[in-house]
Amino acid sequence: MTIPAGCHCGAIKFEVSEVPESVTVCSCTFCAKRGALWAYYTPDQVKLSVKPEADAIYSKNGMAKHHHCNVCGCGTFSEVPTWVDYQPDWENPRISVNARLFEDFDIASLRVDEVDGRNLW
Ligand SMILES: [Zn+2]
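Residues numbered from 1 in each chain as written. Predicted model: local features only at pLDDT ≥ 70, side-chain atom pairs only at ≥ 80, totals over all residues. Heavy atoms only, no water.

To find leftover empty space, a probe the size of one water molecule is rolled over the atoms. Each pocket or cavity is described by its volume, and for the second largest pocket that value is around 210 Å³. Looking at the second largest pocket, the residues that line it are Glu 18, Val 19, Pro 20, Glu 21, Ser 22, Thr 24, Ala 39, Tyr 40, Tyr 41, Gln 45, Arg 111 and Asp 113. Counting only elements with at least two residues in the lining of the second largest pocket, the list comes to strand E3 (22-26), strand E4 (38-41) and strand E10 (111-115). The element best represented in the lining of the second largest pocket is E4, accounting for three residues. Split by residue class, the lining of the second largest pocket holds five nonpolar, three polar and four charged. (1 Å grid on protein atoms, 1.4 Å probe; cavity = no way out; pocket = protein on both sides within 12 Å on 5 of 7 lines; lining within 4 Å. Points joined across faces, edges and corners; volume = space filled by probe spheres on them. Helix = DSSP H or I, 4+ residues; strand = E, 2+ residues; numbered from the N terminus. Nonpolar A, V, L, I, M, F, W, Y, C, P; charged D, E, K, R; others polar.)

Right, here's the structure in full:
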């Protein structure tokens, strides 16, 4: 089952290929402020439809690229590595989408995993 998603103004839309097994809340300094519920996919599982002029990227340490809509302000998705033993594996990139942007989907039906990113990396 694909799930359509998008920011509030519709400038950034995406569709994921399947319902995630769970969503993740991360305690790192960035995620705690953004307040996203992350769902992780391989790049081929996410169909992005982005108006380039609306797509803004924040990257504090030059590693993960956190995208948001510069029209309506929604945090949309991030380009992240796979983590293996707390080491980034950029050979296997992931897209973490903000599951709060899923359209007509009961997000409360998903298990929420907590990751202590503030202390792990
Ligand atoms: Zn927007």
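There's plenty left to go through after this.
The next thing to look at is the coordination of the zinc ion. On the protein side, the zinc ion has Cys 7 (SG), Cys 9 (SG), Cys 69 (SG) and Cys 72 (SG) as donor atoms, found 2.3 to 2.4 Å from it. Classification of the site at the zinc ion as tetrahedral follows from its four donor atoms and the range of 106 to 116° in their angles at the metal. Donor residues for the zinc ion sit on one chain with the sequence pattern C-x1-C-x59-C-x2-C. Of this pair, Cys 7 sits in the loop between strand E1 (3-6) and strand E2 (12-16) while Cys 69 is found in strand E7 (residues 65-69), placing the two residues 62 residues apart along the sequence. (Donors = N, O, S within 2.8 Å, 3.2 Å for Na, K, Ca; no water. Tetrahedral: all angles 85-135°; square planar, octahedral: opposite > 155°, others 65-115°.)

Let us now look at the nonpolar core. Formed by 22 residues in total, the largest nonpolar core has its most connected members in Phe 14, Val 16, Ala 39, Tyr 41, Val 46, Val 97 and Phe 102. Residue assignment for this core shows that the elements contributing at least two residues are E1, E2, E4 and strand E9 (87-98). Here the element with the most residues in this core is E2; it accounts for three residues. Setting aside chain neighbours within four positions, we find Phe 14 in contact with Ile 3, Pro 4, Ala 5, Val 46, Lys 47, Leu 48, Thr 76, Val 97, Asn 98, Leu 101 and Phe 102. Core analysis: the second largest hydrophobic core is formed by six residues, Cys 28, Phe 30, Cys 31 and Ala 36 among them. (Core = buried A, V, L, I, M, F, W, Y, C linked by side-chain atoms within 4.5 Å. Buried < 20%, exposed > 50% of the residue type's maximum accessible area, 1.4 Å probe, protein only. Contact = heavy atoms within 4.5 Å.)

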